[in-house]
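The chain contents come next:
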Amino acid sequence: MSKTIKLNKGLNINLQGKPVEQLVDSGISTTYAIKPTDFPGLIPKIVVKPGFEVKAGSVLFFDKYNPEIKFTSPVSGKIKEIERGERRKVLRVIIETTSEIQYEDFGKKEINSLKADDVKKTLLDSGTWTFIRKRPYAIIANPEEKPKSIFISGFDNAPLAPNYDFIIKENAKEFQAGIDAISKLTDGKVHLNISDKTGSVYSNITGVEKNTFIGKHPSSTVGVQINHIAPLNKGEVIWYINPQDIVIIGRLFTEGKYDARKIVALTGSEVNEAKYYNTRIGASINSITENNVKEGNNRYISGNVLTGTKVDKNDYLSFYDSQITIIPEGDYYEFFGWISPRLNKFSMSRLYFSWLMPNKKYTLDTNINGGERAFVVSEQYEKVVPMDIYPVELLKACLAEDIDKMEQLGIYEVAEEEFALCDFVCTSKIETQDIIRKGINLMIKELS
Amino acid sequence: MKALRKLLDNIKPHVEKGGKFHYLYSGFDAVETLFFVPNTVAKKGAHIRDAIDLKRTMFIVVIALIPALLFGMWNIGHQHFLSIGETETFMGTFLFGLLKMLPLIIVSYGVGLGLEILFAQNRGHEVNEGFFVSGMLIPLIVPIDTPLWMVGIAVAFAVIIGKEVFGGTGMNIWNPALLARAFLFFAYPSDMSGDKVWVEGMSHLDKVADGFSGATPLAVMAAEAGDKVSTFANGIGNWSVIDLVIGSYPGSIGETSVIAIGIGALILLFTGIASWKVMFSVFAGGLGMGLLFNVVAPESNIFMQMPAYYHLLIGGFAFGAVFMATDPVSAAQTSKGKYIYGFLIGVIAVLIRVVNPAYPEGMMLSILLLNTFAPLIDFYVIQGNIKKRLKRVKVTA
């Protein structure tokens with residue numbers, strides 16, 4: 001039974017720089033990189049050395065504690081560098097690409113005749129297993145576990161997020177193939193969640209249960225969707241995958257190769273022409289943003305403004321992201337800012353006038369607009385977390401490192417993305433996403 | 001503005017860590033952030049942040065207090081001139097009150113902010129804005145004749161014992177302003193109760209004007225013998241219901257006018273700073289308890305017979321409900337908890353007023369009591385959520 005769920009809590013932040021639905025090829029990216037830091041908690045074991053020749057789909061590194069989970073190259077070429085940071089932590093494995101991409105052959109498959117183990121093996125070998133993440137914890141799924149169901153959020157309503165209608169439209173056939181393959185992995189259902197604004201892009205997709213979510217962000221995050229459709233209990237596992245990654249999995253089975261092409265939206269107020277780009281996983285930021293960014297002190301974000309990662313323009317697209325956002329940095333002093341009307345700043349509260357202009361698009365910078373304080377204002381997070389959870393109490397349990405309390409208060413059901421708006425609305429400027437991730441890491445450490 | 005920024009930039013290296021005057025850092029930081037929103041950018045988490053901050057939030061509360069403050073100033077003069085049987089122009093009345101009120105405000109802010117800065121420096125924290133509000137609340141809830149040194153001690157008690165020992169704003173159990181009031185009430189009862197302390201200068205007067213008593217409506221009610229108040233149709237004692245709403249009767253400085261407090265309440269509710277859940281349920285609780293007393297009142301007990309809505313008009317009920325009970329730190333934090341918390345404040349305030357002859361005003365004690373129990377209320381509300389989660393496991397298992 002498909003469900004329609006209406007959520008009243010949440011917040012949409014209207015920003016300048018929404019991408020127009022125009023798809024162009026990105027500039028040529030001569031280097032690509034896979035960043036182990038994109039995968040929380042991962043300890044990578046590198047198997048390549050600078051100078052090694054790789055094809056698209058060749059293994060670059062694997063998970064030290066789960067050697068089956070391999071991370072493969074999105075392109076063919078030569079390993080240029082293995083960049084390390086403090087304590088020799090691997091930051092980037094950089095591949096210098098050749099003009100014509102060569103692919104590892106994983107064999108074309110007749111999906112309908114495949115068994116779960118065949119699908120699993122192909123995904124693991126090709127490195128596309130890493131697309132599958134799990135709740136609890138929002139980390140790469142463990143192939144040994146059996147998921148209760150699989151969730152796909154078919155839309156994204158984070159600030160300036162790409163429109164999946166537009167992205168998937170071109171690839172509906174591969175998307176269906178991907179769904180067919182994925183659905184072998186669970187005895188439960190595959191939930192494809194759409195919003196009331198989603199067009200007809202998914203209307204012919206079969207083998208899934210479609211649920212409609214009506215409401216503001218974060219209704220597009222899987223944590224919220226799971227909480228309303230099939231709440232996660234202790235001991236249960238749900239897997240989830242991004243729509244574009246389903247397309248890549250679909251291609252893997254129909255074409256027999258790891259073809260890491262994806263569409264990325266370049267967004268934000270500091271972009272000249274916000275639009276969509278054809279590119280690949282691990283492409284350099286520069287290849288997408290070049291000649292399209294305004295002058296000034298800007299912040300480059302791989303992902304959206306709420307959950308994205310701060311990157312340099314010489315850095316690379318993060319693994320799961322379909323969006324790059326560029327906004328101005330806010331490192332300036334504002335004279336009596338806290339008391340002035342600030343008509344060009346946005347606030348969820350009525351302490352400013354933004355509630356009078358619900359359709360105005362804002363250019364927001366990275367200034368945190370205040371200083372960090374203890375929790376003072378209550379029931380603020382509750383307004384933007386549409387889940388049956390007490391956010392402040394959960395955060396306090398995380399801060400106190402009280403495993404039992406964290407479990408009781410629902411740590412299994414959340415990840416950073418559900419708390420991203422708490423970061424935004426907090427009067428006390430508390431960094432809730434960071435607290436939640438630390439809490440999750442503690443759970444993983446203590447319970448394994 | 002540029003010159004000021006330059007000046008601050010020049011001073012900054014001297015007070016930062018390693019600088020010669022580092023012990024002045026918190027004070028410097030307080031001044032700097034007062035003039036300039038700092039240039040801090042988001043490092044972790046969301047890259048953009050809401051424009052709201054604690055300074056603006058607290059400042060709006062102070063603005064919401066201004067109607068009560070202005071009315072209080074006028075009423076100081078008004079009551080004073082009534083007591084000596086003179087008449088004075090509106091401006092003269094107001095200015096009289098202003099001059100009497102200013103020292104209280106200055107002492108309250110001076111002592112409180114000084115201590116806050118000391119503690120912040122000692123702990124390496126930024127100075128918290130919480131005292132913005134407490135520092136204004138305290139002068140508004142004391143009798144006008146309270147000696148300044150008492151106010152100073154009470155503020156120090158509230159800041160140190162009420163707040164800083166727990167870790168500062170956000171960590172305190174009780175509302176600091178009410179704690180200051182409670183401290184005064186129990187430490188110097190003779191200066192905090194009776195019929196003379198509520199009117200400026202009355203305790204030194206040889207002779208008061210005919211028919212003027214200086215008692216508050218609550219004191220009148222608590223002291224009433226059966227025959228004096230035969231009917232409530234016209235209000236209490238010499239005050240009509242209209243007087244009670246306007247607030248032109250003796251009492252703590254800011255607590256008397258329901259209209260002025262109402263304006264503040266509208267500001268707080270409109271901006272969403274105060275919880276309407278708490279505010280609404282305090283009034284509901286008080287009214288409910290008053291009605292209950294009306295029903296069960298024996299004929300001899302005049303106080304119980306008093307129309308229930310009078311309770312909401314007299315004493316500190318409205319002020320407490322709007323400005324004290326809604327303090328987000330000491331109130332219940334959960335949505336359901338707020339209803340329970342507020343309702344019980346209303347109930348117990350009226351209960352103490354009517355049943356306990358020793359304390360004519362129950363609002364202060366009622367809020368402090370429920371401050372104490374707010375964590376317990378939250379505990380049970382959250383326990384409900386936890387049980388629901390556990391039950392889900394059993395159903396599916």
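Residues numbered from 1 in each chain as written. Chains lettered and ligands numbered in written order. Predicted model: local features only at pLDDT ≥ 70, side-chain atom pairs only at ≥ 80, totals over all residues. Heavy atoms only, no water.

**A short note on the overall build of chain B**
Phase 1 of the analysis: Looking only at helices and strands, chain B has 17 helices and one strand in total.
Phase 2 of the analysis: Compactness check: chain B gives a C-alpha radius of gyration of 23 Å against a globular reference of 21 Å for 397 residues, within 12% of the reference.
Phase 3 of the analysis: Principal-axis analysis of the C-alpha atoms gives chain B an extent of 75 × 70 × 35 Å.
Phase 4 of the analysis: Buried residues in chain B amount to 54% of all 397 residues.
Phase 5 of the analysis: Expressed as a percentage of contacts within chain B between residues at least 6 apart in sequence, the contacts between residues at least 24 apart total 70%.
Phase 6 of the analysis: Approximately 16,900 Å² of chain B is accessible, and the part contributed by carbon and sulfur atoms is 69%.
Phase 7 of the analysis: Side-chain charges in chain B split into 28 positive and 26 negative, and the spacing between the mean points of these groups amounts to 18 Å. (Helix = DSSP H or I, 4+ residues; strand = E, 2+ residues; numbered from the N terminus. Rg over C-alpha atoms; globule rule 2.2 N^0.38 Å. Buried < 20%, exposed > 50% of the residue type's maximum accessible area, 1.4 Å probe, protein only. Contact = heavy atoms within 4.5 Å. Areas by Shrake-Rupley, 256 points an atom, 1.4 Å probe, with all protein chains shown as cover. Lys, Arg positive; Asp, Glu negative; His and termini not counted. Charge placed at Lys NZ, Arg CZ, Asp CG, Glu CD.)

**Some points on the overall build of chain A**
Phase 1 of the analysis: From N to C terminus, chain A includes ten helices and 21 strands.
Phase 2 of the analysis: Taking 448 residues into account, the globule formula puts the C-alpha radius of gyration at 22 Å, and chain A, at 21 Å, falls close to it.
Phase 3 of the analysis: Expressed as lengths along the three principal axes of its C-alpha atoms, the size of chain A is roughly 65 × 50 × 50 Å.
Phase 4 of the analysis: The burial tally for chain A puts 62% of its 448 residues in the buried class.
Phase 5 of the analysis: Sequence separation of 24 or more characterises 69% of the internal contacts of chain A that already satisfy a separation of 6 or more.

**Examining the interface of chain A and chain B**
Phase 1 of the analysis: The interface of chain A with chain B comprises 78 residues on the first partner and 61 residues on the second.
Phase 2 of the analysis: Taking both sides of the interface into account, the surface hidden between chain A and chain B amounts to around 6,200 Å²; carbon and sulfur atoms contribute 56%.
Phase 3 of the analysis: When the buried surface of chain A facing chain B is broken down by residue, Y333(A), W338(A) and L351(A) rank first, second and third, together holding 16% of it.
Phase 4 of the analysis: R373(A) is paired through a salt bridge with E126(B); the nearest N and O atoms lie 2.9 Å apart. (Buried area = accessible area lost by both parts, 1.4 Å probe. Salt bridge = Lys/Arg side-chain N within 4 Å of Asp/Glu carboxyl O.)

**Notes on the sheet that holds strand β5 (residues 53-54) of chain A**
Residue and element names in this part refer to chain A.
Phase 1 of the analysis: Strand order in the open sheet formed by four strands is β3-β9-β8-β5, with antiparallel pairing between adjacent strands. The open sheet terminates on both sides in strands that have one partner only, identified here as β3 (31-34) and β5.
Phase 2 of the analysis: Bridging between strand β8 (residues 77-84) and strand β9 (residues 90-97) involves seven bridges; their strand directions are antiparallel. Counted as the bridge partner of I79 is I95 from β9. (Pairing = 2+ DSSP bridges.)

**Section: the pairing of strand β16 (residues 261-267) of chain A**
All names here are of chain A.
Phase 1 of the analysis: Across the seven residues that make up β16, a large majority, six, are buried.
Phase 2 of the analysis: Pairing analysis gives three bridges linking β16 to strand β20 (residues 323-328), with the strands arranged parallel. Paired with A265 across the strands is Q323, a residue of β20.

**Describing the sheet that holds strand β15 (residues 238-240) of chain A**
All names here are of chain A.
Phase 1 of the analysis: Read from one edge of the open sheet, seven strands run β1-β14-β13-β12-β15-β10-β11, paired in mixed fashion. Looking at the sheet topology across the chains shown, the edges are occupied by β1 (4-6) and β11 (139-140).
Phase 2 of the analysis: Sheet analysis places strand β12 (residues 149-153) next to strand β13 (residues 190-195), joined by four bridges and oriented parallel. Each residue of the ladder has a partner; that of I150, found in β13, is V190.
Phase 3 of the analysis: The sheet strands contacting helix α4 (residues 222-229) are β1, β10 (133-135), β12, β13, β14 (209-214) and β15, and the helix crosses β12 at an angle near 130°. (Axes fitted to C-alpha atoms, helices over the stretch in contact; angles between N-to-C directions.)

**Here we look at the packing of aromatic side chains**
Phase 1 of the analysis: In total, this model carries 37 aromatic pairs over all chains according to the counting rule given.
Phase 2 of the analysis: Seen from their ring centres, F335(A) and F36(B) are 5.2 Å apart, and the 55° between their planes marks the pair as tilted. On the criterion of chain membership, the pair formed by F335(A) in strand β21 (residues 334-335) and F36(B) in strand β1 (residues 36-37) is interchain, its members lying in two chains.
Phase 3 of the analysis: Taking the relative accessible area as the measure of exposure, F335(A) reaches 30% and is therefore partly exposed.
Phase 4 of the analysis: The interplanar angle of 85° and the centroid separation of 5.3 Å between the aromatic rings of W149(B) and Y188(B) together place this pair among those described as edge-to-face. (Phe/Tyr/Trp six-rings, centres within 6.5 Å; stacked < 30°, edge-to-face > 60°.)

**Focus on the domain arrangement of chain B**
Residues and elements named next belong to chain B.
Phase 1 of the analysis: With domains assigned, chain B is organised as domain 1 (57-205) and domain 2 (215-249 + 274-384).
Phase 2 of the analysis: Each of domain 1 and domain 2 has a C-alpha centre, and the two are 22 Å apart.
Phase 3 of the analysis: Taken together, the contact between domain 1 and domain 2 spans 27 residues of the former and 20 residues of the latter.
Phase 4 of the analysis: Between domain 1 and domain 2, roughly 1,900 Å² of surface is buried when both sides are summed, and carbon and sulfur atoms account for 75% of that area.
Phase 5 of the analysis: When the buried surface of domain 1 facing domain 2 is broken down by residue, W174, N175 and L178 rank first, second and third, together holding 26% of it.
Phase 6 of the analysis: Counting the contacts that link domain 1 with domain 2 gives zero salt bridges.
Phase 7 of the analysis: Remark: the boundary between domain 1 and domain 2 carries six residue pairs in polar contact (both at pLDDT 80 or more).
Phase 8 of the analysis: Here the side of domain 1 that touches domain 2 is composed, by residue class, of 19 nonpolar, six polar and two charged. (Domains from an automatic or database assignment. Polar contact = N/O pair within 3.5 Å; in protein donor to acceptor, adjacent residues only side chain to side chain. Nonpolar A, V, L, I, M, F, W, Y, C, P; charged D, E, K, R; others polar.)

**Digging into the pattern of salt bridges**
All names here are of chain A.
Phase 1 of the analysis: What the rule picks out here adds up to 36 salt bridges over all chains.
Phase 2 of the analysis: When the shortest N-O distance is used, the salt bridge between E418 and R135 registers 3.0 Å. Here the residue E418 occupies a position in helix α9 (residues 416-425), and R135 occupies one in strand β10, the gap between them amounting to 283 residues. Considered together, E418 and R135 belong to a single accessibility category, that of buried residues.
Phase 3 of the analysis: Several salt bridges share partner residues, and in doing so they unite K35, E83, R92 and D315 into one network.

**Quick notes on the nonpolar core**
Phase 1 of the analysis: Residues I13(A), F424(A), F319(B) and Y341(B) are the most contacted members of the largest nonpolar core, which totals 169 residues.
Phase 2 of the analysis: Among the elements that take part in this core, helix α3 (residues 54-83) of chain B stands out by supplying 14 residues, more than any other.
Phase 3 of the analysis: The next biggest cluster of nonpolar side chains, apart from the first, holds 66 residues, and it includes V93(A), W129(A), I132(A) and I150(A). (Core = buried A, V, L, I, M, F, W, Y, C linked by side-chain atoms within 4.5 Å.)

**Observations regarding helix α7 (residues 391-399) of chain A**
Residue and element names in this part refer to chain A.
Phase 1 of the analysis: For α7, the buried fraction is high: seven of the nine residues fall into the buried class.
Phase 2 of the analysis: Taken residue by residue, α7 has P391, V392, E393, L394, L395, A397 and C398 as its buried positions.
Phase 3 of the analysis: Just downstream of α7, E401 is the residue with a positive phi angle, here 55°.

**Thoughts on the domain arrangement of chain A**
Put simply, an interface is often sized by how much accessible area is lost when its parts join up.
Residue and element names in this part refer to chain A.
Phase 1 of the analysis: Taken domain by domain, chain A comprises domain 1 (1-11 + 29-260) and domain 2 (380-447).
Phase 2 of the analysis: With centres defined by C-alpha atoms, the gap from domain 1 to domain 2 works out at 24 Å.
Phase 3 of the analysis: The partner domain 2 presents 22 residues to the 20 residues of domain 1 that form the contact.
Phase 4 of the analysis: Summing both sides of the interface, domain 1 and domain 2 together bury roughly 1,900 Å²; the carbon and sulfur share of this comes to 61%.
Phase 5 of the analysis: The largest share of the area that domain 1 buries against domain 2 comes from K9, Y137 and N227, three residues that together contribute 33% of it.
Phase 6 of the analysis: At the surface where domain 1 touches domain 2, the tally comes to three salt bridges.
Phase 7 of the analysis: At the junction of domain 1 with domain 2, the criterion picks out eleven residue pairs in polar contact (both at pLDDT 80 or more).
Phase 8 of the analysis: With five residues, α4 is the largest single contributor of residues to the side of domain 1 that touches domain 2.
Phase 9 of the analysis: Taken together, the residues of the side of domain 1 that touches domain 2 sort by class into eleven nonpolar, six polar and three charged.

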